[in-house]
Structure formats: structure tokens, C-alpha cells
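Each chain is listed here by its residues.
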Amino acid sequence: CGVYLCTFSGVEDELELSAVRHRPEGLEQLEAQTRFSRKELQILYRGFKNECPSGVVNEETFKDIYSQFFPQGDASTYAHFLFNAFDTDHNGSVSFEDFVMGLSILLRGTVQEKLNWAFNLYDINKDGYITKEEMLDIMKAIYDMMGKCTYPVLKEETPRQHVEVFFQKMDKNKDGVVTIDEFIDCCQNDENIMRSMHLFENVL
Amino acid sequence: MATGVAAWLPFARAAAIGWMPVANCPMPIAPRDNSKRQDELIILNVSGRRFQTWRTTLDRYPDTLLGSSEKDFFYNEETKEYFFDRDPDAFRSILNFYRTGKLHYPRHECISAYDEELTFFGIIPEIIGDCCYEEYKDRKRENLERLQDDQEENKDMKMPNMNFRETMWRAFENPHTSTMALVFYYVTGFFIAISVITNVVETVPCGSTANQKDMPCGERYTVAFFCMDTACVMIFTVEYLMRLFAAPSRYRFMRSVMSIIDVVAILPYYIGLVMTNNEDVSGAFVTLRVFRVFRIFKFSRHSQGLRILGYTLKSCASELGFLLFSLTMAIIIFATVMFYAEKGSSSSKFTSIPASFWYTIVTMTTLGYGDMVPKTIAGKIFGSICSLSGVLVIALPVPVIVSNFSRIYHQNQRADKRRAQKKARLARIRIAKSGSANAFLQSKHNGLLNELLELTGTEEDEHKLTKSISLLESQHHHLLHCLEKTTAHEFVDEQIFEQNCLETALQTFPSGSPSMSDHDSPVGGCCGRRGKKNNPLPNASLLTAHPIPTHQGPLQELSAIHIQSSDPLSHTASRSNLNLKTGDSSKINCKGGRITTAIISLPTPPALTPDGDGLHGPPQRRPPPPPGNPPPPSIQTTTSSAGINIVKVSAL
């Protein structure tokens, strides 16, 4: 009969207080800091605020939003890396300024800046070197987004092989790590990569 | 793609730069956005209330009306806005869906109105947010049940062609449909009651006569009771067999609960008949008598409350199961405890755990007979805990069952109330509807009279006649007229149609006479015409029941005179002639004069009559005269040429 004597725990305790609110800097300042026009900033902010009414994106929401674009696979790992790349001050949330700065580089930056950003993305621990393990993580995350149903069928060692190819191309002094200069040099010499850098310029 | 995040697509594409250095092959070319529209404000005018939003907001959901090019159909060039003639209140939640990505269901809105709005704007209700989805589903289910109730009532309506078996089945299922069914219903109810009372009284001890001890009445008046029993079983057997015969699906009927109850009610008697002489199984025979009490369940056909109770119990099966399970658990626990507690005391009634079950049950249900009581202190303590917890265990699932019962009961009450209200409602609706249907027939009538006036009457009369009929109405009537012409059938009044069908159902011989069919055009034999001449009065009522406008004075007189004329068939003649003329008016407008004479000339109706009869005459009653009957001259030509048409028309 003990089961009848247990008490119910209060449900009210579980209400979270969403106290986080963030307001971005003024429009003029952002206009000065980024390469977007006023109208573009307006459009970006409206989309941003719609999804995140509190003004900041936390990692969970970020992963959710990004995963919606890749329904077949699991985009959460890559979204995690992206989040870290956008969250420049590493405070666990991406505010509108972070968001818009990142986009400014990606869409309106010079090739140098874009390559810098990509290197930053791959360098998970931000120590200035890309190791094979870091690259493998990134590669696996990218392949995860593909999901299971691919043609040809995805094999276990495909990411690893891809990493080997990458390192062969990028690691000039064969020391097992890729530095920023090696990376930028190599990419600037590669025609495909150069062309693809300009691919998304007219996105907005 | 869940399009709430469509605004983030530029971001996702930009982030794709992260893959570029890793890729080994060249990337595909990006699609160009040539229609580079600046984001603009769109104005949505919904019944006067203006909503404004960005175009990109609406573009988020391209498979809805507002997100696709479908909204261009509603674009108003002059005011440069999109106009929708819909409810602005409901539109609010729809627009909010575009803005926030979540669809909410406003509670004050009627569920079917809301559904319609959603369908109009191309939004599927399944995306209603979790906050409102449950409410939406509940209301929808309620509404569906309500509509289902309405549909079930329609089954009561008699269908025109039901054979004897179907009629019988219907009589069994719905006793209020005919008097016979009601009588049957009450008779069976009466006999069930008699049977049950007999079973009860059988065991009452009647006064002792010469014997020492009291005998139960059953043994004293064996023959009487046996006859009573036999009579009841006879009735029940007959009833069961009749139901079996009438059932549309015998197999399904035999499997249904009610029929099983019926069988169980009468079987013991037959088994008893077979086995009376065998001494060994007479014990079993006595047991069989117990099953006679199941006759009382036959009352559930007569009592709706009983059926509801049964249905409730069925629907609360899981709650009942839980109640039973928890009770069993508690009983076992307490019985064990009590047994061991009382083991010490001498002369305790708690001889074993199963023996303690009885105590536990009696205590938990707070009956407390007192035939078994604990004597030790421990026993008393545990006994009191037992009775306290018993109250709780039973009280917990009971409200669930009660609320279920209440809901079903009220639903049934509602259904009954609706059924009562429905008749009045339907009658009013029917009157309103028949107004419009008769408007067409009326306008045909008027159209014809119009032509008559055109030809004979003065200008004033003509103006008087021309009723101000709206353009919409006239176009509608023209459409109906075209349909009549296409199918070579005509619209008739509902009453007439029903009566005709009744006749055709009851007519035993084939109604189409061969000679008739010769004249017929290959149009099928709709019973419309033939019935008309048998039922002149409805025609008359048709003509008079409708408010003929008062300025049609002279014509009203005319038609009145027609009606007053004693020969009923002339009515039909005149009416069908009228209709005929409507049909022919397109062809023989030029021969107007003849038409005129045919109708206005009062003395001639009797002359018309025999022809009229013959022309569309009753195939069964008289052989139709050949159209070349010698009729009076001018009229005849018309009528005979019309006559052929009459034949055609009236055969329909």
C-alpha cells in the first residue's frame, strides 16, 4: 500500500525562466562592420529574429535549424562545428552580430578571408594546426549529412581515404599537420577550389 | 523542407563554403535568381480588413494558396491588393501561421468553419501546433459524432423499394417506424417480463396444503408454470426465427450479442425437454434452469439505458481491468498479512490465506459482515489499514468509469433531442427549398402564360404579367430548361413524384403498354407523367399552392376555371398541355394563335378531354387511340402535332 502514499512533485518547479534577451547593435554600426547593405541587414535580421525571438541562438536551436536542410542524414555534428566557427567569442550562443559577421565573410569577403574562415572551421581546437584526427572528425561529420542511402554505398573507410587525399594535397612538408599558410597556398593553387569560392556570392 | 526556416537558407548555403577545400571535384553552378524582386509589402484585404506582410513571409510556404501563384487570381488591379471574401477573424490565425510557422486553432471558432478556411487557403490541419492540436482533434471528433448521429437517422427513412424481408428487418430494428412493429415490440417486452416473473415466483413457497412443509409454487402448480414457460419459449423462438429470416446478413446476425442472448434464453427449455427422463443429468438440468435468467437481458433491445450501460462497460474495459487488478493485488497482500497476524490466536477463523480472502474482500468494500473478525492486536491494526485502503482503491477508478458513462449518456440524450428537433427543422428547410424548386415550375407556367398574353392580351396585361424576375433566376431557369430538353425529361413536384413511385412500386404488371412504347421516343419510362393523371389533386394543389401574383388576374381566373372543371383528367390535360406548350413554344411560336385557342376556349376542354386522355392516356386503362383520331379542326391540328409531342413527353 506504499504506492498510495507517495506524494506528487511540484510541476511548477520545472518552469524555466528564459531570461536571455539580446538586442543587437544599431543598424549603422553593423552596416559599418559588415559588407551588407541596410536592406540586406534588415532582411537578415527579420529572418533571424523570427526563428530566435530571444535574439540569440543556442547550439540546440542551431542544430535543429541546420538539420532541417539535410533531412536524409544527421547534420548535428557538422552543425556543432559550424556553431563553434560562428561563435567567435565562445560564449555558447550566437548573437546576431556573430551571425552577420560570419555571413559577411562568407558571402562578401575576399578569398583570403574565406579560406581563413574555412581553416578556422577545420581547426577544432583552434591551435593553428589541422591534424589528421581533426580532419577526420570534420570529414565524418560531412559524410554523416549524406545519410545511409547514397550511391555508391558509403563505406566505413571512405572518410578516412578522403582525409588521406586531403593531406597529401595540403601537407607540403609532410609533418602530419596542415598549417594556415600551407592551406592557403595550396588552395590558391587549386583551380577548382578557387572557382568554388565564388559560388555563393549572390546568395543574398 | 520545413519552411519556417526558409529564411535561413542563405546562411546554410554560405556555410557550404566550409566544404569547398575538402572537395575534390568541381561544384555545380549555382542557380541564378533572375527575378530579383526587392522584398515588398503585400496588402491582403480580407473582407475589408487589411493585413500587410512581406512577400517573403508568404513565400515561406509555397504549397499554400498565399505562397503560390494561386493568389494572383485574387489580385485586384485597381487597388493593388489581394482581395479575399472570407472571414477576417479566421484569417488572423492563418496569417500568423506564415509569420511564426505555427498554426493555432482559436477556441471560439467553429470547427467546421475553421476547417473550411484551412482548406480554402491550402493548409493541412495536421500542422496545427501541439498546443492546440488536442483541442482541435477533440472538437473534430465531437463534430463527426454529431454528424454520424444525423446520418444514422436517415436510415430510418423508408426507401421506396423495399421488399418484404427488408421491411420486416427494419420493423424489428426500429419499432417506431410502423404500428405493427410497435405492437410486436410491446408484445415481446410483455412476454419477457412474464417469463422473468414466472421464474421468480416459481421459487416462492406457496402456502402448504395437506403437506407438512412449504412447497415452492413451482412444485405445486407444475403444469401451470410449465404451460407459461412453454408459451414464452414459443414466442421467443418464433421471434428469433423471424429475425433470423429477416436479417440481411444471417451469419453476422447469428454472431451478434443479442442473438446469442436470445439463443441462451430459449435453449435450456429445449434441452430440458430432451433430458427430462434421464436421472443422472437431472442435476445438470437444474443448473440449466439458471440460464433462464438470461432472458432478462433480452430487455436490452427494449431499453436504451441498458444498452448504454453495456456500451460504457465495454468502453471502460481498461479501467475496469485496472480496478480488478489492483483489488486483487490488495486482497492478496492483506489476506496474507491477516493470516500471519492471526495465526497466533487460537480458534481463529483465518485458517488459510484463501480463507482470509473473504475477510479482506468484505472489509475492503466496507461491507463488514462480522463473520470473521481479527482477535489479535496486530490483526486489528492491519484490519483497519485494510478497510481504509479499500476505500481508496475502489474510489480511484470509479470516477473514470462514471465520467465515461456520463459522456456516452449525454451523447445519447443529445441524439434523441436532435432527432426530435430534426423533424421540425427538416420541414422548415423543405418548405424553403421547395420554394426554389417550384420557382422553376412556376416560371415555366408564367412563361407560357406570358406568351399567351403576348398574343392575345393588351399591353397592360403583358406588363402585369411580367414578373420582375432577377437575371440570376432567369439564367438558372434557362439552365434547368436546357437540361429538360437534353434529357427529354421534365421536373415535377416532389409530392407527385413520390406518389408516382408508390404506384409503380405497387403495380404488379408492367406498366408500359406496347402500343405506348411504340409512340414513345426511346426515353425511359420515368413514372412522372403516368402518375399525373391518376393524381389530379396534387396538380391542382401545385397550381394553387403557389402564390400566383395578383396582377395575373385574368389568367388566375382561367387556371381557376380549369381547376374547377369537374373532370379531373382535363386538369392533367391542361397542365400537360401547358407544359407541352412550354416545350413547343420554341418551335411553334408562330402558330401562336392556335395555342391560344386551345387553352382559352373554355368550351373545348371537354372536347379535348377524350383526346387528352388518349394522347397521354393511361396505358393500363385504355388503349391509346392512334393520334389520327378525328378531332375538331383547328385545335386538332395543334393538338395532334402537339399530340405526338404529348405522347413523347408524357411517356417520360
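Residues numbered from 1 in each chain as written. Chains lettered and ligands numbered in written order. Predicted model: local features only at pLDDT ≥ 70, side-chain atom pairs only at ≥ 80, totals over all residues. Heavy atoms only, no water.

## A look at the pairing of strand E1 (residues 41-46) of chain B
Residue and element names in this part refer to chain B. Bridge count for E1 against strand E2 (residues 49-54) is six bridges, and the pairing is antiparallel. Considered in E2, the bridge of Val 46 is made with Arg 49. As consecutive antiparallel partners, E1 and E2 are separated by two residues, and within that stretch Ser 47 has a phi angle of approximately 50°, a positive value. Direction of pairing for E1 relative to strand E4 (residues 81-84): parallel, over a ladder of three bridges. Bridge pairing links Asn 45 to Phe 83 in E4. (Pairing = 2+ DSSP bridges. Helix = DSSP H or I, 4+ residues; strand = E, 2+ residues; numbered from the N terminus.)

## Some details on the packing of aromatic side chains
Counted under the stated rule, the structure contains 44 aromatic pairs over all chains. With centroids separated by 4.4 Å and ring planes inclined at 25°, the aromatic side chains of Tyr 61 of chain B and Phe 97 of chain B adopt a geometry described as stacked. Of this pair, Tyr 61 of chain B sits in the loop between helix H2 (55-59) and strand E3 (75-76) while Phe 97 of chain B sits in helix H3 (residues 88-100), placing them 36 residues apart in sequence. In terms of burial, Tyr 61 of chain B and Phe 97 of chain B fall into one category: buried. Ring geometry for Trp 358 of chain B versus Tyr 369 of chain B: centroids 5.8 Å apart, planes at 20°, classification stacked. Pair noted here: Trp 358 of chain B is in helix H15 (residues 353-364) and Tyr 369 of chain B is in the loop between H15 and helix H16 (377-395), with a separation of 11 residues, a long-range link. Residue Tyr 369 of chain B is classed as exposed on the basis of its relative accessible area of 51%. Taken together, Tyr 45, Phe 48, Phe 62, Phe 83, Phe 86, Phe 96, Phe 99 and Trp 117 of chain A form an aromatic cluster joined through their ring pairs. The ring centre of Phe 167 of chain A lies 5.6 Å from the NZ or CZ of Lys 132 of chain A, which sits over that ring. (Phe/Tyr/Trp six-rings, centres within 6.5 Å; stacked < 30°, edge-to-face > 60°. Buried < 20%, exposed > 50% of the residue type's maximum accessible area, 1.4 Å probe, protein only. Lys NZ or Arg CZ within 6 Å of the ring centre and 35° of its normal.)

## Focus on the interface of chain A and chain B
Across the boundary between the two partners, chain A contributes 49 residues, which contact 38 residues of chain B. Taken together, the links from chain A to chain B amount to zero salt bridges. Taken together, chain A and chain B are joined by two residue pairs in polar contact (both at pLDDT 80 or more). In terms of residue count, helix H2 (residues 38-51) of chain A provides more of the side of chain A that touches chain B than any other element does, seven residues in total. Broken down by class, the residue content of the side of chain A that touches chain B amounts to 36 nonpolar, seven polar and six charged. (Contact = heavy atoms within 4.5 Å. Salt bridge = Lys/Arg side-chain N within 4 Å of Asp/Glu carboxyl O. Polar contact = N/O pair within 3.5 Å; in protein donor to acceptor, adjacent residues only side chain to side chain. Nonpolar A, V, L, I, M, F, W, Y, C, P; charged D, E, K, R; others polar.)

## Quick notes on the environment of Asn 404 of chain B
All names here are of chain B. You can see Asn 404 is positioned in helix H17 (residues 398-456). In the structure, Asn 404 is positioned 93 residues away from Tyr 311 in sequence and 10.0 Å away in space, judged by C-alpha atoms. Residues contacting Asn 404, with those up to four places away along its chain left out, are Thr 312, Ser 315 and Cys 316.

## Some remarks on the UniProt feature "transmembrane region" (unreviewed entry) in chain B
Residue and element names in this part refer to chain B. Here the UniProt feature "transmembrane region" (unreviewed entry) sits at residues 180-201, 221-241, 253-275, 320-341, 353-369 and 381-402. Measuring from the first to the last C-alpha atom of residues 180-201 gives 31 Å, for a span that is 100% helix and 0% strand. Between the first and last C-alpha atoms of residues 253-275 the distance is 29 Å; the span itself is 96% helix and 0% strand. (UniProt positions renumbered as here; feature names shortened; annotations may be inferred.)

## Thoughts on the pattern of salt bridges
One pass over the full model with this rule turns up 24 salt bridges over all chains. The partner of Asp 190 of chain A in a salt bridge is Lys 169 of chain A, and the shortest N-O contact between them spans 3.6 Å. Highlighted residues: Asp 190 of chain A in the loop between helix H9 (180-189) and helix H10 (191-197) and Lys 169 of chain A in helix H8 (residues 158-170), separated in sequence by 21 residues. Between Arg 295 of chain B and Asp 229 of chain B there is a salt bridge, with the nearest N and O atoms lying 3.1 Å from each other. Note that Arg 295 of chain B is positioned in the loop between helix H12 (282-290) and helix H13 (304-315) and Asp 229 of chain B in helix H9 (residues 222-246), a separation of 66 residues in sequence. Residues Arg 295 of chain B and Asp 229 of chain B agree in their burial class; the two are buried. Bridged by salt links that share partners, the residues Glu 239, Arg 243, Asp 262, Lys 298 and Arg 301 of chain B form one connected network.

## Let's talk about the packing of H9 of chain B against helix H11 (residues 257-275) of chain B
Geometrically, a packed helix pair is captured by the angle between its two axes and the distance between the axes. Residues and elements named next belong to chain B. Between H9 and H11, whose axes approach to 10 Å, the crossing angle comes to 135°. Judged on the interaxial angle alone, H11 and H9 are oblique. Judged by the twist between their axes, the crossing of H9 over H11 is left-handed. The residues of H11 that touch H9, namely those facing Phe 226, Asp 229, Thr 230, Val 233, Met 234, Phe 236, Thr 237 and Tyr 240, are Ser 259, Asp 262, Val 263, Ile 266, Tyr 269, Tyr 270 and Leu 273. Looking at the contact of H9 with H11, its residues break down into 10 nonpolar, three polar and two charged. (Axes fitted to C-alpha atoms, helices over the stretch in contact; angles between N-to-C directions. Parallel < 35°, antiparallel > 145°, perpendicular 65-115°, else oblique. Left-handed = near helix turned anticlockwise from the far one by under 90°.)

## So, unusual backbone geometry
Although it is not a glycine, Lys 174 of chain A sits at a positive phi angle of roughly 50°. Along the chain, the position of Lys 174 of chain A falls in the loop between H8 and strand E4 (177-179). By relative accessible area, Lys 174 of chain A is classed as exposed at 55%. Even without a glycine there, the phi angle at Ser 347 of chain B is positive, about 50°. Here Ser 347 of chain B lies in the loop between helix H14 (317-342) and H15.

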